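These are the residues of each chain, in order.
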Amino acid sequence: MLVKKEKNSNDCYNISLVSDEGKVLQMAFGGNLDLYWEVYDSKSDSILPRIDFLVTKENFYVWNLFDQLYNGVSNYWDNIRGSQLTDNHEFTECLRRGEERNPQRLFKDGVIEWHHDGHPYDEANVMRLSKDGDNYVVEMEFNNRNYVMDGNSVRFSNSGSRYQPYNNMFMAMFNELQSCPEDCHQIHMEEVFYEQDKPKGLRKTKK
């Protein structure tokens, strides 16, 4: 997986993760101060209803950020229990139970499901982040045919998000990716193990 960075007008980088198959997951900070994720297949001209992007330990720096994001969301209530901001444990537990009853909650059955902020829930593009063994799968489902300008993107609003405060976790991840090296980085042992465990037909060959 390649990491590409392009300086934008907001004095930060748009981050593009490019798979060997040509699929691209781009993360960009918009002029409206919101974060956008977009997934597309650079080798296809077809209009697809959904696209999957696989994040493996091939690049452990990137994989680790997805791992932190997924675990941060899935373990949110456990992480804040006992913190200084939540001394009232009964109130915190009430909030947790209320979220679990919300059909539009962010974390459902082991999957992070984010509906594009700013549009009706059932009409919006959807990003799903789930685990598949040691890998993470980003699935984009494109629903908002009435919002052509959104294309293949999902919006993470930093003001008035339906998923607040989870939007802060996505912004924190994006900020960490700003420091991610592009086409070269220090090899992590997890990347070595990943290459060793891949089926021979899937291993990279040196040119």
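As the structure is a prediction and not an experimental result, all values here were calculated from the model.

A. Highlighting the packing of aromatic side chains. Taken as a whole and assessed by the stated rule, the structure comprises 13 aromatic pairs. Seen from their ring centres, Trp114 and Tyr163 are 4.4 Å apart, and the 45° between their planes marks the pair as tilted. Here Tyr163 lies in the loop between strand S10 (153-156) and helix H4 (167-177) and Trp114 lies in strand S7 (residues 111-115), a separation of 49 residues in the sequence. Comparing Trp114 with Tyr163 shows no difference in burial state: the two are buried. Three or more aromatic residues joined by ring pairs make a cluster, and in this case those are Trp37, Phe66, Trp114, Phe156, Tyr163 and Phe170. Taking the ring centre of Trp63 as reference, the NZ or CZ of Lys57 above it sits at 4.7 Å.

B. Main features of the nonpolar core. Counting residues in hydrophobic clusters, the biggest one holds 45 residues, and the most contacted among them are Leu17, Trp37, Phe66 and Met127. No other element matches helix H1 (residues 60-74), which puts eight residues into this core.

C. Molecular detail of H4. Listed in full, the buried residues belonging to H4 are Asn167, Phe170, Met171, Met173, Phe174 and Leu177. The buried residues of H4 occupy an angular sector of 160° when the element is viewed end-on, so they sit on one face.

D. Looking closely at the pattern of salt bridges. Considering all chains together, one arrives at twelve salt bridges under this definition. Close ionic contact of Lys108 with Glu113 constitutes a salt bridge, the shortest N to O distance being 3.4 Å. Residues Glu141 and Arg128 are paired through a salt bridge, measuring 2.7 Å at the closest nitrogen-oxygen approach. Pair noted here: Glu141 is in strand S9 (residues 135-141) and Arg128 is in strand S8 (residues 126-132), with a separation of 13 residues, a long-range link. Residue classification places Glu141 among the buried positions, given a relative accessible area of 17%. It is possible to trace a salt-bridge network through shared partners that takes in Arg50, Lys108, Glu113, Arg128, Glu139 and Glu141.

E. Just the sheet that holds strand S2 (residues 13-18), in detail. Taken in spatial order, the five strands of this open sheet run S1-S2-S3-S4-S10, and their pairing is antiparallel. Strands at the two margins of the open sheet, each flanked by one partner only, are strand S1 (2-7) and S10. Strand-to-strand, the axes of this sheet are offset by a mean angle of 15°, without reference to chain direction. By the bridge criterion, four bridges tie S2 to strand S3 (residues 23-29) in an arrangement that is antiparallel.

F. Quick look at unusual backbone geometry. Pro165 follows Gln164 through a cis peptide bond whose omega is 10°. If you trace the backbone, Pro165 turns up in the loop between S10 and H4. Positioned with a positive phi, Leu33 is a non-glycine residue whose angle comes to about 70°. Along the chain, the position of Leu33 falls in the loop between S3 and strand S4 (35-41). You can call Leu33 exposed: its relative accessible area is 51%. Positive phi is not limited to glycine here, since Asp109 has a value of about 50°.

G. Structural view of the packing of H1 against H4. Look at H1 against H4: their axes get within 10 Å of each other, and the N-to-C directions meet at 165°. Classified by the interaxial angle, the pair formed by H1 and H4 is roughly antiparallel. Here the hand of the crossing between H1 and H4 comes out right-handed. Residue-level inspection shows Tyr61, Val62, Leu65, Phe66, Leu69, Gly72 and Val73 of H1 in contact with H4, the latter providing Met169, Phe170, Met173, Glu176 and Leu177.

H. Representation of the environment of Glu182 within the structure. Secondary-structure assignment places Glu182 in the loop between H4 and helix H5 (189-197). Distance from Glu182 to Leu2, taken between C-alpha atoms, is 6.9 Å for residues 180 residues apart in sequence. Once residues within four sequence positions are removed from consideration, Glu182 is found in contact with Val3, Lys4 and Lys5.

Reading guide: rules and limits
Residues numbered from 1 in each chain as written. Predicted model: local features only at pLDDT ≥ 70, side-chain atom pairs only at ≥ 80, totals over all residues. Heavy atoms only, no water. Phe/Tyr/Trp six-rings, centres within 6.5 Å; stacked < 30°, edge-to-face > 60°. Helix = DSSP H or I, 4+ residues; strand = E, 2+ residues; numbered from the N terminus. Buried < 20%, exposed > 50% of the residue type's maximum accessible area, 1.4 Å probe, protein only. Lys NZ or Arg CZ within 6 Å of the ring centre and 35° of its normal. Core = buried A, V, L, I, M, F, W, Y, C linked by side-chain atoms within 4.5 Å. Arc of directions from axis to C-beta. Salt bridge = Lys/Arg side-chain N within 4 Å of Asp/Glu carboxyl O. Pairing = 2+ DSSP bridges. Axes fitted to C-alpha atoms, helices over the stretch in contact; angles between N-to-C directions. Parallel < 35°, antiparallel > 145°, perpendicular 65-115°, else oblique. Left-handed = near helix turned anticlockwise from the far one by under 90°. Contact = heavy atoms within 4.5 Å.

Scope: geometric values only; no functional claims are made or implied.
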